[in-house]
Amino acid sequence: MDDFSELLARKRQGSLKIYFGYAAGVGKTFAMLQEAHRLRQAGFDVVIGYVEPHGRPETTALIESLELLPPRLCKEGEAVWTELDVQAVLARRPQIVLVDELAHTNASGSAREKRYQDVLEILEAGINVVTTLNVQHVESVAERIETMLGVPVRERLPNAVLNRADQVVNVDVTMEELRERLRQGKIYPPEQAERALTAFFTYQNLSLLREMCLREASGDQVRKIAEMDLLSRRDSGDVVEAVMVGVSSDPTDAEMLIRKGMRIAGQFGSPCFVVYVRRPSENPTRIDAGLQRVLQNNLRLAVLLGAEVVQLEGRDIAEVLVNFASERNIRHAVFGKSRLSPLRERLRGSFLLDFLHDAVGVDVHIVNTTPREAP
């Protein structure tokens, strides 16, 4: 699809607004419902597709005076779960629908695995969506949060969905106020709140989450400006500079390289290509199944982070990458540092040296991700 066609298709789709927060209890759902009342008073047709009140009286009071679409009931053994009913939303066809907890995983047996996939279908139908999201669920920061907080982040949202949002509103309260809400039982029941205060809701954890949330929210504004600039440059016929990340069939360092490439692309407002060059000896029937699985997982991560994955073929990796860099106007290339010692690298030859020699005008970023092999 060309750029103009993409622009026309986007205009036919609904707008997406995200209330973004650094933890449960900051007031995302409350702020979303308050806006729903303002919109309704302004004459818009607003309905609730799905809202989780969490037993909070203030939230429940705001829900009661809005039209609430019945949820879809899902049974798993004796348990019954409620989920967003996409078909009910499409049949009702409001101007605006509220959908809480964008990163939620749907009950088994649902048509789609994730709630954000439900929301994308609603947007495709031209219906506007207002939703909520916590920062730890964003794919680009989830790994770091897991490592630093020691808390698994199972529900993750592709960065492409966050980038799809037309507006991201940061809902912020001080850490002291959030912890006080927790003590008062406004977030979790008292016995659960006490555990949370000394576990997840520590000052150290909340400080990290809040910092990341503010950074992502401000980064979203930078991305929007960069996207507008990118469209402007394309419309005026200017050549758009891009970033390339090269990954191999032994992709142990690929995740770090992909994240590095996406950060560079974000800084320059440029598209990012993750490129894998398959040599004849790396035919899927001949390559190790474990390596193939890891490679595909890394390429899938690249898509989740918003990169475009390109798979090419050729005997001379450097030549293939140089040609691709020239065709796509690559100005930054990211590679992992060779695991070979300098002596063995000289004996075998290095595609990196060939790329550096032949790729004119490309800044090459070599990331040291693994220990060097002994000579």
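Conventions adopted
Residues numbered from 1 in each chain as written. Predicted model: local features only at pLDDT ≥ 70, side-chain atom pairs only at ≥ 80, totals over all residues. Heavy atoms only, no water. Pairing = 2+ DSSP bridges. Helix = DSSP H or I, 4+ residues; strand = E, 2+ residues; numbered from the N terminus. Axes fitted to C-alpha atoms, helices over the stretch in contact; angles between N-to-C directions. Contact = heavy atoms within 4.5 Å. Left-handed = near helix turned anticlockwise from the far one by under 90°. Nonpolar A, V, L, I, M, F, W, Y, C, P; charged D, E, K, R; others polar. 1 Å grid on protein atoms, 1.4 Å probe; cavity = no way out; pocket = protein on both sides within 12 Å on 5 of 7 lines; lining within 4 Å. Points joined across faces, edges and corners; volume = space filled by probe spheres on them. Core = buried A, V, L, I, M, F, W, Y, C linked by side-chain atoms within 4.5 Å. Buried < 20%, exposed > 50% of the residue type's maximum accessible area, 1.4 Å probe, protein only. Salt bridge = Lys/Arg side-chain N within 4 Å of Asp/Glu carboxyl O. Patch = residues over 30% accessible without salt bridge, like charges linked within 9 Å, V, L, I, M, F, W, Y side chains within 5 Å. Areas by Shrake-Rupley, 256 points an atom, 1.4 Å probe, with all protein chains shown as cover. Lys, Arg positive; Asp, Glu negative; His and termini not counted. Charge placed at Lys NZ, Arg CZ, Asp CG, Glu CD. Parallel < 35°, antiparallel > 145°, perpendicular 65-115°, else oblique.

1. Section: the sheet that holds strand β12 (residues 330-336)
Here's step 1: As summarised here, the arrangement of the five strands in space is β11-β10-β9-β12-β13, forming an open sheet in which the pairing is parallel. Pairing within the sheet leaves two strands with one partner each, and these edge strands are β11 (308-313) and β13 (363-367). Direction aside, the axes of adjacent strands within the sheet are offset by 25° on average.
Here's step 2: Strand direction decides the pairing type here: strand β10 (residues 272-278) and β11, joined by six bridges, are parallel. Note that in β11 the partner of Tyr 276 across the bridge is Gln 311.
Here's step 3: Along the sheet, helix α11 (residues 254-268) contacts β9 (242-247), β10, β12 and β13; its crossing angle with β9, the most-contacted strand, is approximately 175°.
Here's step 4: Its contacts with the sheet place helix α13 (residues 317-327) against β9, β10, β11 and β12, and it is angled at close to 150° to β10.

2. What about the packing of α13 against helix α15 (residues 351-358)?
Here's step 1: Where α13 meets α15, the axes come as close as 8 Å, and the angle between the chain directions of the two elements is 35°. Here α13 and α15 pass one another in a crossing that is right-handed. Only Phe 351, Asp 354, Phe 355 and Asp 358 of α15 make contact with α13, whose side of the interface consists of Ile 317, Ala 318, Leu 321, Val 322 and Ala 325.
Here's step 2: Within the contact of α13 with α15, the residues separate by chemical class into seven nonpolar, no polar and two charged.

3. Here's the deal with the layout of surface pockets
Here's step 1: As a volume, the second largest pocket reaches approximately 1,100 Å³.
Here's step 2: In terms of lining, the second largest pocket is formed by 47 residues, of which the most central are Ala 24, His 54, Arg 56, Glu 101 and Asn 134.
Here's step 3: Elements supplying a minimum of two residues to the lining of the second largest pocket: α2 (28-41), α3 (57-64), β5 (79-83) and β7 (128-134).
Here's step 4: Among the residues forming the lining of the second largest pocket, the class breakdown is 20 nonpolar, 16 polar and 11 charged.

4. Here we look at the nonpolar core
Here's step 1: In this structure, Phe 20, Tyr 22, Leu 98 and Leu 178 are the most contacted members of the largest nonpolar core, which totals 66 residues.
Here's step 2: The element contributing the most residues to this core is helix α10 (residues 203-235), with six residues.
Here's step 3: Apart from the residues lying within four places of it in its own chain, the contact partners of Leu 178 are Tyr 22, Ala 23, Ala 24, Gly 25, Val 26, Val 173, Ile 187, Phe 201 and Leu 206.
Here's step 4: If you look at the next biggest cluster of nonpolar residues, it comprises 20 residues, including Val 247, Leu 295, Leu 305 and Ala 307.

5. Section: the sheet that holds β7
Here's step 1: Ordered by their spatial adjacency, six strands build an open sheet running β3-β2-β6-β7-β1-β8, and the pairing between neighbours is parallel. The open sheet has two edge strands with one neighbour each: β3 (67-68) and β8 (167-170).
Here's step 2: Of the pairings in the sheet, the one linking strand β1 (residues 16-21) to β8 comprises four bridges and is parallel in character. What sits directly across from Tyr 19, in β8, is Val 169.

6. Quick word on the pattern of salt bridges
Here's step 1: In the structure shown here, the tally under the stated rule is 17 salt bridges.
Here's step 2: As a salt-bridge pair, Arg 112 and Asp 118 come within 2.5 Å of each other at their nearest N and O atoms.
Here's step 3: Under the relative-accessibility criterion, Arg 112 is labelled partly exposed at 21%.
Here's step 4: Linking Arg 164 and Asp 166 is a salt bridge whose minimum nitrogen-to-oxygen distance equals 3.3 Å.
Here's step 5: The exposure class of Arg 164 is buried, given its relative accessible area of 11%.
Here's step 6: Its relative accessible area of 40% is what places Asp 166 among the partly exposed residues.
Here's step 7: Residues joined in a network through salt bridges with shared partners are Glu 139, Glu 143, Glu 146, Arg 156, Glu 255 and Arg 259.

7. Here we look at a negative patch on the surface
Here's step 1: Together, Asp 316, Glu 319, Asp 354 and Asp 358 line one region of the surface with negative charge.
Here's step 2: Tracing the sequence through the fold places Glu 319 in helix α13.

8. Observations regarding the packing of α11 against helix α12 (residues 289-305)
Two quantities define a packed helix pair, namely the angle between the axes and the distance from one axis to the other.
Here's step 1: Packing of α11 against α12 leaves a shortest axis separation of 10 Å and a crossing angle of 20°. When the axes of α11 and α12 are compared, the pair comes out roughly parallel. Classified by chirality, the crossing of α12 by α11 is right-handed. Only Asn 298, Leu 301, Ala 302 and Leu 305 of α12 make contact with α11, whose side of the interface consists of Ala 254, Glu 255, Ile 258, Arg 259 and Met 262.
Here's step 2: Partitioned by chemical class, the residues of the contact of α11 with α12 number six nonpolar, one polar and two charged.

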